[in-house]
Amino acid sequence: MKSRILIVDDHNDFRAMLKDYLTRSRLDIEIFEANSAEMGVAKASCVKPDVVLMDISLPKATGFDATKIIKEEMPDCDVIIITMFNINAFKQAAEGIKATAFISKSEVCEQLLPVLTKCLNGKKSKSVAKK
């Protein structure tokens, strides 16, 4: 069964780049997209992603707001904050809302796949343990 990844970012070009990068990664994943916090929460409720890749700066509501809601509804869903704001206060806020990781957009190509793989492998081991 494919793992489900939801990308929440208001920049179409960044979402497209991230989707292409993940598609080329050879992970067994299905990718969904949302361009706002509200759409991200709604899409997460529908598709039940294993991992959400969440931007902070979104129209109307922040990625932090969306993450709180998603984590309340789906506590086992990993949320990886991906943002251009590599600021300690944002990292601490991400920890406070139980985000799994915080990655600067400038470091996505180096850091995302190891973190994402760890998240997905953790879900597979939980699934095997339940059987």
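On a predicted model such as this, the values are computed, not experimentally measured, just so you know.

The rules we used
- Sequence order as written defines the numbering, with residues in each chain counted from 1.
- A pLDDT threshold of at least 70 governs which residues receive local features in this predicted model, and a stricter bar of 80 or more applies before side-chain atom pairs are shown or counted, although totals over entire chains, interfaces and linings include all residues.
- To obtain the side-chain values, all non-hydrogen atoms of the structure were included, while hydrogens and water were left out.
- To get an axis, fit a line to the C-alpha atoms, keeping to the stretch in contact for a helix; angles then go from 0 to 180 degrees between the N-to-C directions.
- Note on conventions: DSSP H or I runs of at least 4 residues are helices, E runs of at least 2 residues are strands, and numbering of each starts at the N terminus.
- Working rule for angles: under 35 degrees goes down as roughly parallel, over 145 as roughly antiparallel, 65 to 115 as roughly perpendicular, anything else as oblique.
- Take the far helix as your reference; a near helix turned counterclockwise from it by less than a right angle gives a left-handed crossing, and one turned clockwise gives a right-handed crossing.
- Contacts are assigned to residue pairs that have any heavy atoms within 4.5 Å of one another.
- The definition of a polar contact used here is a pair of N or O atoms within 3.5 Å, where within protein one atom must be able to donate a hydrogen and the other to accept one, and adjacent residues in sequence count solely through side-chain atom pairs.
- Scored from 0 to 100, pLDDT reflects the predictor's confidence in each residue.
- Throughout, nonpolar core names a set of buried Ala, Val, Leu, Ile, Met, Phe, Trp, Tyr and Cys residues whose side chains join them through atoms within 4.5 Å.
- Type-normalised accessible area, obtained with a 1.4 Å probe on protein chains alone, sets the label of each residue: buried when under 20%, exposed when over 50%, and partly exposed for intermediate values.

## Considering the packing of helix H2 (residues 37-47) against helix H3 (residues 63-73)
- Across the interface, H2 lies against H3 with an axial gap of 9 Å and an inter-helix angle of 15°. In this view, H2 runs roughly parallel relative to H3, as classed from their interaxial angle. Here H2 runs over H3; the crossing is right-handed. Counted together, Ala37, Gly40, Val41, Ala44 and Ser45 of H2 and Ala66, Ile69, Ile70 and Glu73 of H3 form the full contact between these two elements.

## Things to note about the environment of threonine 100
- Relative to the assigned elements, threonine 100 resides in the loop between helix H4 (88-96) and strand S5 (101-104).
- With residues near it in sequence (within four places) discarded, threonine 100 still touches Asp78, Val79 and Cys119.
- Of note is the side chain of threonine 100, whose polar atom sits 2.7 Å from the side chain of aspartate 78.

## Quick notes on the environment of asparagine 35
- Position of asparagine 35 among the secondary structure elements: in the loop between strand S2 (29-34) and H2.
- Expressed as a C-alpha distance, the spacing of asparagine 35 and arginine 15, which sit 20 residues apart in the sequence, is 8.6 Å.
- Residues contacting asparagine 35, with those up to four places away along its chain left out, are Asp9, Asp10, Arg15 and Pro59.

## Describing the confidence of the model for the chain
- This prediction gives the chain a mean pLDDT of 88; 91% of its residues lie at or above 70.
- Confidence drops under a pLDDT of 50 for residues 127-131, and excluding neighbours within four residues, the segment shows 0 contacts in the predicted structure.

## Quick look at the nonpolar core
- Counting residues in each nonpolar core, the largest one holds 23 residues, and the members touching the most others are Leu6, Val8, Val52, Met54, Ile70, Val79 and Ile81.
- Listing elements by their share of this core, those giving two or more residues are strand S1 (3-8), S2, H2, strand S3 (51-54), H3 and strand S4 (78-83).
- No other element matches H2, which puts 4 residues into this core.
- Once residues lying within four places of it in the same chain are set aside, the contact partners of leucine 6 are Phe32, Glu33, Ala34, Gly40, Lys43, Ala44, Pro49, Val51, Val52 and Leu53.
- Ranked by size, the runner-up nonpolar core spans 19 residues in total, among them Tyr21, Leu22, Ile82 and Ile103.

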